[in-house]
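Residue-level structural notes
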Amino acid sequence: MTDVRKLVMTVLLLGLSPMLLADNLSEKRIQQWLTAMPSLTSWLHQHQEALHSEHIMEESSDMEQVFAKSIELLRAKGLYDEFNQLTRKQGYQNVEQWSAASRDISLAYMALQMEQEQITVVQLEEQLAKLEQAPVPAEQKAMMTEMMQTSLMMLMSTQGVSDQDKQLVRQYASQIETQFNAQNDDDGSSQADHGSYSDHDH
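None of the values given here were measured: they were computed from a predicted structure. The numbers attached to residues start from 1 for each chain and follow its sequence in the written order. Local features in a predicted model are, by the rule used here, given only for residues with pLDDT of at least 70; side-chain atom pairs are given and counted only at 80 or more, and totals for whole chains, interfaces and linings are based on all residues. As a rule here, side-chain values cover all heavy atoms of the structure and leave hydrogens and water aside.

1. Some thoughts on the packing of aromatic side chains
Aromatic rings from Phe, Tyr and Trp, with only the six-membered ring used for Trp, were paired whenever their centres fell within 6.5 Å, and each pair was classed as stacked if the ring planes differed by under 30 degrees, edge-to-face if by over 60, and tilted otherwise. Scanning all chains against the criterion turns up 2 aromatic pairs. Here the aromatic cluster, defined as three or more aromatic residues joined through ring pairs, consists of Trp43, Phe83 and Trp98. Two conditions define a charge sitting above a ring: the NZ of Lys or the CZ of Arg must be within 6 Å of the ring centre, and it must be within 35 degrees of the ring normal. Positioned above the aromatic ring of Tyr80, the side-chain terminus of Arg75 is 3.9 Å from the ring centre.

2. Side note on the side chain of His47
Helix and strand assignments come from DSSP, with helices taken as H or I runs of at least 4 residues and strands as E runs of at least 2, each series counted from the N terminus. On the secondary structure map, His47 appears in the loop between helix 2 (27–46) and helix 3 (54–59). A relative accessible area of 17% means that His47 is categorised as buried. Pairs of residues are marked as contacts when any of their non-hydrogen atoms sit within 4.5 Å. Leaving out residues up to four positions away in the same chain, His47 has contacts with Leu79 and Glu82. Whether a residue is buried, partly exposed or exposed follows from its accessible area with a 1.4 Å probe, protein chains only, as a fraction of its type maximum: under 20%, in between, or over 50%, in that order.

3. Thoughts on the environment of Asn84
Relative to the assigned elements, Asn84 resides in helix 5 (residues 80–89). Residue class for Asn84 comes out buried when judged on its relative accessible area of 15%. Between the alpha carbons of Asn84 and Val95 there is a distance of 5.1 Å; along the sequence they are 11 residues apart. Apart from residues lying up to four places away in sequence, Asn84 is in contact with Asn94 and Val95.

4. Observations concerning the environment of Ala76
Summarising the element assignment, Ala76 is placed in helix 4 (residues 63–76). Expressed as a C-alpha distance, the spacing of Ala76 and Ala50, which sit 26 residues apart in the sequence, is 9.9 Å.

5. Focus: the nonpolar core
Residues enter a nonpolar core if they are buried and are Ala, Val, Leu, Ile, Met, Phe, Trp, Tyr or Cys, with the set joined through side-chain atoms within 4.5 Å. Core analysis: the biggest nonpolar cluster contains 43 residues, and Trp33, Trp43, Leu74, Phe83, Trp98, Val169 and Ile176 have the highest contact counts within it. Elements that contribute at least two residues to this core include exactly helix 2, helix 4, helix 5, helix 6 (95–117), helix 7 (121–133), helix 8 (138–157), helix 9 (163–171) and helix 10 (173–184). Among the elements that take part in this core, helix 6 stands out by supplying 11 residues, more than any other. Beyond its immediate stretch of four places on either side in the chain, Trp43 contacts Leu51, Leu74, Leu79, Glu82, Phe83 and Leu86.

6. Brief notes about the packing of helix 2 against helix 5
With axes taken as lines fitted to C-alpha atoms, and helix axes fitted only over the stretch in contact, angles between N-to-C directions fall between 0 and 180 degrees. In contact at an axis separation of 10 Å, helix 2 and helix 5 are set at 165° when each is read in the N-to-C sense. Taken as axis vectors, helix 2 and helix 5 run roughly antiparallel relative to one another. Relative to helix 5, helix 2 is oriented so that their crossing is right-handed. Contacts between helix 2 and helix 5 pair Ser39, Leu40, Trp43 and Leu44 from the former with Glu82, Phe83, Leu86 and Thr87 from the latter. Each angle gets one of four labels, with under 35 degrees taken as roughly parallel, over 145 as roughly antiparallel, 65 to 115 as roughly perpendicular, and the rest as oblique. In this scheme, a crossing is called left-handed if the near helix is turned counterclockwise away from the far one by less than a right angle; it is called right-handed if the turn is clockwise.

7. Section: the confidence of the model for the protein chain
What pLDDT expresses is the predictor's confidence in each residue, scored from 0 to 100. Predicted confidence across the protein chain gives a mean pLDDT of 75, with 70% of residues reaching 70 or more. Across the protein chain, the secondary-structure element scoring lowest on mean pLDDT is helix 1 (residues 4–13), at 51, and the one scoring highest is helix 5, at 94. Considering only residues more than four positions removed or in separate chains, one finds that residues 1–5, a stretch of pLDDT under 50, has 13 contacts. Overall, residues 186–202 carries pLDDT values under 50, and its contacts beyond four positions in sequence, including any with other chains, amount to 35 contacts.

8. Some points on helix 6
Multiply 1.5 Å by the residue count of a helix minus one, and that product is the helix's expected span. Between its first and last C-alpha, helix 6 extends 32 Å over 23 residues, near the 33 Å set by a 1.5 Å rise per residue. Most of helix 6 is tucked away, with 19 of its 23 residues classed as buried. For helix 6, the N-terminal cap is Asn94; the gap from its side-chain oxygen to the backbone nitrogen of Glu96 is 3.2 Å. A positive phi of about 55° marks Gln118, the residue just after helix 6. The term polar contact refers here to a pair of N or O atoms within 3.5 Å; inside protein, the definition further demands a hydrogen-donor-capable atom paired with an acceptor-capable atom, and it admits residues adjacent in sequence only when both atoms are side-chain atoms.

9. Examining the pattern of salt bridges
Here a salt bridge means any side-chain nitrogen of Lys or Arg lying within 4 Å of a carboxyl oxygen belonging to Asp or Glu. For the structure on display, the rule yields 6 salt bridges. A salt bridge links Arg170 to Glu115; the nearest nitrogen and oxygen atoms lie 3.8 Å apart. Highlighted residues: Arg170 in helix 9 and Glu115 in helix 6, separated in sequence by 55 residues. For Arg170, a relative accessible area of 27% puts it in the partly exposed group. The class of Glu115 is partly exposed, set by a relative accessible area of 41%. Sharing partners across several salt bridges, the network here consists of Glu115, Asp163, Lys166 and Arg170.

Structure follows, in structure tokens:
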């Protein structure tokens, strides 16, 4: 699996909230998100220590619960109001509206990742079952199990992504990947050096 855990961490830091009903993606929503992300990513980078979310995944194996806790983390750290003002400057009504767009775009992007890897839920579940019986050192087994469970959780969360949404996101995949790379980059730069799923950018 290619950078699965890294991608999940990125999605969590985007403060996704599954409590909102998803709207269909559109080019306008994707373009607005891409325009907004450089300044929002810069803010997230500045507060990355406070918003470090790896522990959230350790508390829950359910992707929706993990996503929901990310908004709670902003509030708990006293950062919601500041980030809300920033999202409003980018044309969103509030953090929740931006997070809904982030969720929809990110899940569609992850669905494309999973399609490329050609991994199914059944395959991952079978691999987990085999790992339980494998003669592997406990520490190594725990790490491998966590990675597989993370992959399975992410794959299951993408099952409801429509073909229309995946097609739209595919057109902007390299630009979206740039934003994910910027979010994960220690120096906050937005250089993407991985391949693209798109033959053209908009």
